Structures are given as structure tokens and as C-alpha cells.
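Overview (structure and organization)
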Amino acid sequence: MPDSSNPSSPLHLSPPDIIRWLSDKWQTSLCTTQSIYRFPQLATIGHNAPVRTVVLRAFHASPLSIQFHTDIRSAKVPQLRENPQATIHWYDPIERLQTIARTTTELHHGTNPARTAWQGLPVHGKRQYSQTDTPGAEMQAPSPRFAEDPEYGWNHFCLIVATITEIDMLHLRQEGNIRCKLTPEKTGWSRMWLAP
Ligand SMILES: Cc1cc2nc3c(=O)[nH]c(=O)nc-3n(C[C@H](O)[C@H](O)[C@H](O)COP(=O)(O)O)c2cc1C
């Protein structure tokens, strides 16, 4: 039996402790650009299997959800409007741990939660949303143009709230790889072991 006070893998912790372990990684990532947990890949459903890197901006415990920011004009927005299911992927090369979260997303544009997130951004963060060209539009030269007023970016700012419906974790280990699926139930998180 694994010793839960000194687990050989975070996957051996109790399900609520695995969620606490992950939340701790996310919390630390919010204050450093060195953490891989800050820069997950967000996959949506659409033509050409769209995937891209995003910055983790916040998370909430109950229901477990994570937040990202994006430009309302970017391609991911119509993809999420058509199908709010999104998958978020992290690979931690130090722990040799892959975490995949299946989520249902909600888009906030012009809402109070979006306003709160916007007000927390520094000026250079807001400026990204003041680009006058639509993200992904063809340009004659690599010289993006921006409106003078960073507050203009508010019109394009979108908060994505992704509520986690399932977490799949794979831990690569010399003594044997292990994998489990965590699912939120009414009574708490349940774990199912999966063949790696
Ligand atoms: C390190 C890094 C962080 C990024 N963070 C974000 C982000 O938080 N939100 C975002 O919309 N795009 C972010 N991007 C840009 C996206 O990866 C992507 O190029 C852009 O959003 C357009 O994606 P789309 O056309 O699929 O919507 C980031 C890119 C990198 C390399």
C-alpha cells in the first residue's frame, strides 16, 4: 500500500488532495512566468483541430474552474460559441506529469466578471486588446497597429471561464506509469484508475 503521507506520486493522494495539489501548482503559477502551469494549451472544437497556448489567469474551487483572457475577435471565440467544450493540457517535465482537463466554457464580454478581470490588468496587458486588426488577419508587414487609448481594448476583451468536468492525469515513473481520471460528484471528487 502506498504511504499517503509520503506518496510516490501525487496520483496516490486522496482525490481532494490531488485537487489541492493541482490548485497549489496553479496558485504558484499565477505569480511566476517560470511555471509550466501558467501556460497550458487550450483545444477547442473546429476545423483543423484548433489548439493554442494561453495564460492561466485565475481559478476557483467550487465548482472547480479556471480562467483565461482572450480577444473577442479571435478564432477560438466563435469555436467556443458553437461548442463550449474545451480541453486544457499541461505537461510538467519536472514531475513527468500530464494533466488534461475537460471543461465547459462560458464567455464573458462586457459583463461584470469581465470588467473585474479587465480592471486587474496592467496597461501593457490592456494594450494587447487595442490592436486595430483582427487577430489572425493577413498583414502586409509584421507591424501590428494599436489604438492610442488602452481602454479601447475593453471592447475586445473576453474572459473565458472553464468549469472542469473531468481531469485525466498520467504520471510517467521508472517503477511504472500510472494514470487516473478524476470526476466531480455531488459528494466530492471521485477517482478511477485507468490503464496508462
Ligand atoms: C506564451 C503564450 C501565451 C499566450 N496567452 C494567450 C492568452 O492568454 N489568450 C489568448 O487568447 N492568446 C494567447 N496566446 C496566443 C494564442 O496562443 C493564439 O496564438 C491566439 O490566441 C490566436 O488563437 P486562435 O486564433 O486560435 O483564437 C499566447 C501565446 C503564447 C505563445
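Refer to the structure above for everything that follows.
Here is a short report on the structure shown in this document. Since this is a predicted model, take the numbers as computed values, not measurements. (Residues numbered from 1 in each chain as written. Predicted model: local features only at pLDDT ≥ 70, side-chain atom pairs only at ≥ 80, totals over all residues.)

What follows deals with the overall build of the protein. Assigned secondary structure in the protein consists of 4 helices and 9 strands. Secondary structure elements in the protein, listed N-terminal to C-terminal, are α-β-β-β-β-α-β-β-α-α-β-β-β. In terms of overall dimensions, the protein has a C-alpha envelope of 60 × 35 × 30 Å along the principal axes. Among the 196 residues that make up the protein, the fraction classed as buried is 23%. Taking the intrachain contacts of the protein between residues at least 6 apart in sequence as the baseline, contacts between residues at least 24 apart amount to 57%. (Helix = DSSP H or I, 4+ residues; strand = E, 2+ residues; numbered from the N terminus. Buried ≥ 20, exposed ≤ 12 C-beta atoms within 10 Å, placed from the backbone. Contact = placed C-beta atoms within 7 Å.)

All of the buried residues in helix H3 (residues 112-119) are Ala-114, Ala-117 and Trp-118. Axial view of H3: buried residues confined to an arc of 100 degrees, hence all on one face. Set apart from the buried face of H3 by more than 90 degrees, the exposed residues are Asn-112, Pro-113, Thr-116 and Gln-119. Of the surrounding elements, those touching the buried residues of H3 are strand E4 (65-71), strand E6 (97-108) and strand E7 (157-171). (Arc of directions from axis to C-beta.)

Here the focus is the environment of Pro-93. Here Pro-93 is to be found in the loop between strand E5 (85-92) and E6. Looking at Pro-93, the number of C-beta atoms within 10 Å reads 8, which means it is exposed.

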